[in-house]
Amino acid sequence: MVGYDEAVYREVLGKAVSNIEEINKAVDEICDQGYKNLYLMGSGGTYSMASPVTYLLKTHSTIPWNWEIAAELIKAKPLSLNADSVVITASLSGTTTETIEAARYAQSVGAKVIALVGEDGCPLAECADYVFENPNASNDNLVEEIYIQYFAIAARFMRNNGEFPEYDEFVSALRKMPEVLQAVREQQDETALAFATAHKDTPFHMCVGSGNVWGETYCFAMCVLEEMQWIATKSIHAAEFFHGTIEMTDPDMSFMLFKGEDETRPLVDRVERFVRQHTDKVQVWDTKAFELDGIDPKIRPLVSPLVMSAMLERVSTHFSIVRDHDLDIRRYYRVVEY
C-alpha cells in the first residue's frame with residue numbers, strides 16, 4: 001500500500017500493547033491510593049481521541065468522569081478537579097502548549113496526571129506522574145496506538161471499581177489489534193482510493209456520526225480534512241442532525257456517514273435514510289464491513305473506534321496523493337504566532 005510501512009505500523013501498535021502491563025501497575029497503584037473522578041483532557045486530535053473512552057465509561061461504569069478541552073480547562077478551573085482527580089491526556093510531540101499548561105495546573109491542585117507521549121523526557125512528560133511512551137509513533141499510526149493504551153487505562157479503572165465483566169476479553173482484543181487493524185487497512189485501501197479520487201475537488205463535506213465513533217467523525221472532519229487537506233467540513237452528531245443541519249441537505253451536498261456498532265447506530269441509519277432521498281453523494285464508512293478475525297462478537301462494538309481509525313487513515317493518505325497535498329503541510333498551525 002502506498003504511503004504506509006506495515007513493519008512500522010505493527011511495531012508501533014505492538015509497543016502500545018506491551019505498555020499495557022505497566023499501565024495496569026500504574027492504575028492499580030492509583031486505585032490503591034484512592035481517587036474520586038477522572039478527567040480526560042486533550043487538544044484537537046487528542047481531545048477527540050478521548051471521546052470513545054468517555055462513551056465506554058458512560059455505558060459501562062459509574063466512575064465520575066469529565067471530558068475537557070485543555071485550553072478551556074485552564075480558564076474554567078473546574079471545581080471538581082482537585083487532589084482526588086486523575087487526569088489522562090496525550091500528545092505525540094509532548095509539546096502541545098495548552099495540554100502542558102493544563103497538566104501543570106492539574107498537578108498544582110494535587111491531581112495525578114497520566115500522559116501518553118511519543119518520547120519520554122518531552123515537556124508533557126515532565127509534568128506527568130505516569131508516562132507511557134511510544135518513540136516510533138507518527139501521525140499515520142498515532143490514533144490507533146493511543147486508543148489501545150487509553151482503552152487499557154479506562155478498562156483497568158473500571159475493573160478495579162468492580163465493573164466491566166468484559167475486561168479480560170476486551171484487553172485480549174486490544175492485544176490482537178496490530179494484526180486485526182493491519183487487515184482492515186488492507187481491505188479498506190481500494191475503497192479509500194476510489195472515494196479520494198471521486199472527491200478530490202469536492203469543496204465541502206458533511207460528516208455525521210454518533211456513539212463511540214463520534215470522536216473519529218469529529219477528528220476526521222477537523223484534524224484531517226480541514227487541518228491536513230484544507231477542505232471545509234461540518235461534523236454533526238447524528239442525534240442533532242434533524243435539529244438544524246437537516247436544512248443543509250441538497251443534491252450537491254456530500255455526506256460522509258460514520259457507522260460503528262454500538263447502541264447509537266440507528267441514529268446514523270436514520271440520517272442515511274433521509275439524505276439518500278435528496279443526494280447521491282453519500283459515503284458510508286461502516287466498521288461492520290470488516291471481519292475482525294479473532295474478535296468476540298460482543299466485543300466488536302467496543303473496538304469500533306480503532307477499526308474506524310484504521311479505515312480512515314487510508315482515506316487520508318489517498319487524499320494527500322490524489323490532491324498532491326502532503327498531510328504535513330500547514331499554513332498557520334505551529335507556523336505563525338496566534
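Residues numbered from 1 in each chain as written. Predicted model: local features only at pLDDT ≥ 70, side-chain atom pairs only at ≥ 80, totals over all residues. Heavy atoms only, no water.

Where an unreviewed UniProt entry is consulted, the protein chain appears under the name SIS domain protein, with the organism given as Collinsella intestinalis DSM 13280.

1. Overview of the sheet that holds strand β5 (residues 130–133)
Rule in force here: DSSP calls a pair of strands paired once it identifies at least 2 bridges connecting them. Numbering goes from the N terminus for both helices and strands, where a helix is a DSSP run of H or I of at least four residues and a strand is a run of E of at least two. Between the N-to-C directions of two axes lies an angle of 0 to 180 degrees, each axis being a line fitted to C-alpha atoms and, for a helix, fitted only over the stretch in contact.
A sheet is described by the order of its strands in space; here 5 strands give the open sequence β2-β1-β3-β4-β5, paired in parallel fashion. Looking at which strands have only one partner, the edges of the open sheet turn out to be β2 (65–69) and β5. Between one strand axis and the next, the sheet turns through 15° on average, direction left out of account. Note: strand β1 (residues 37–42) against strand β3 (residues 85–91), 4 bridges, orientation parallel. For Y39, the partnering residue across the bridge sits in β3 and is V87.

2. Details of the domain arrangement of the protein chain
Frequently, the measure chosen for interface size is the accessible area removed from exposure when the parts meet. Cut-off, in case you're wondering: In this entry, domain limits derive from an automatic or database-based domain assignment. The contact rule is simple, with two residues in contact once any of their heavy atoms fall within 4.5 Å. Buried surface area refers to the total accessible area, computed with a probe of radius 1.4 Å, that the two partners give up upon joining, counted for both partners together. The salt bridge criterion pairs a side-chain nitrogen of Lys or Arg with a carboxyl oxygen of Asp or Glu, the two atoms within 4 Å. Polar contact is the term for a pair of N or O atoms within 3.5 Å; when the atoms are in protein, one must be able to donate a hydrogen and the other to accept it, and sequence-neighboring residues count only if both atoms are side-chain atoms.
Split into domains, the protein chain comes out as domain 1 (6–164) and domain 2 (178–323). On a C-alpha basis, the centroid separation for the pair domain 1 and domain 2 is 25 Å. Residue-level contacts link 24 residues of domain 1 with 25 residues of domain 2. Of the roughly 1900 Å² buried between domain 1 and domain 2 on both sides combined, carbon and sulfur atoms contribute 66%. It is Y9, R10 and Y55 in domain 1 that bury the most area against domain 2; as a group they hold 28% of the surface buried on that side. For the pair domain 1 and domain 2, the interface holds 2 salt bridges. Across the contact surface, domain 1 and domain 2 share 7 residue pairs in polar contact (both at pLDDT 80 or more). Mapped by element, the contributors of at least two residues to the side of domain 1 that touches domain 2 are α1 (6–18), α3 (45–49), α4 (51–60) and α7 (142–160). Element by element, the count of residues in the side of domain 1 that touches domain 2 is highest for α1, at 6 residues.

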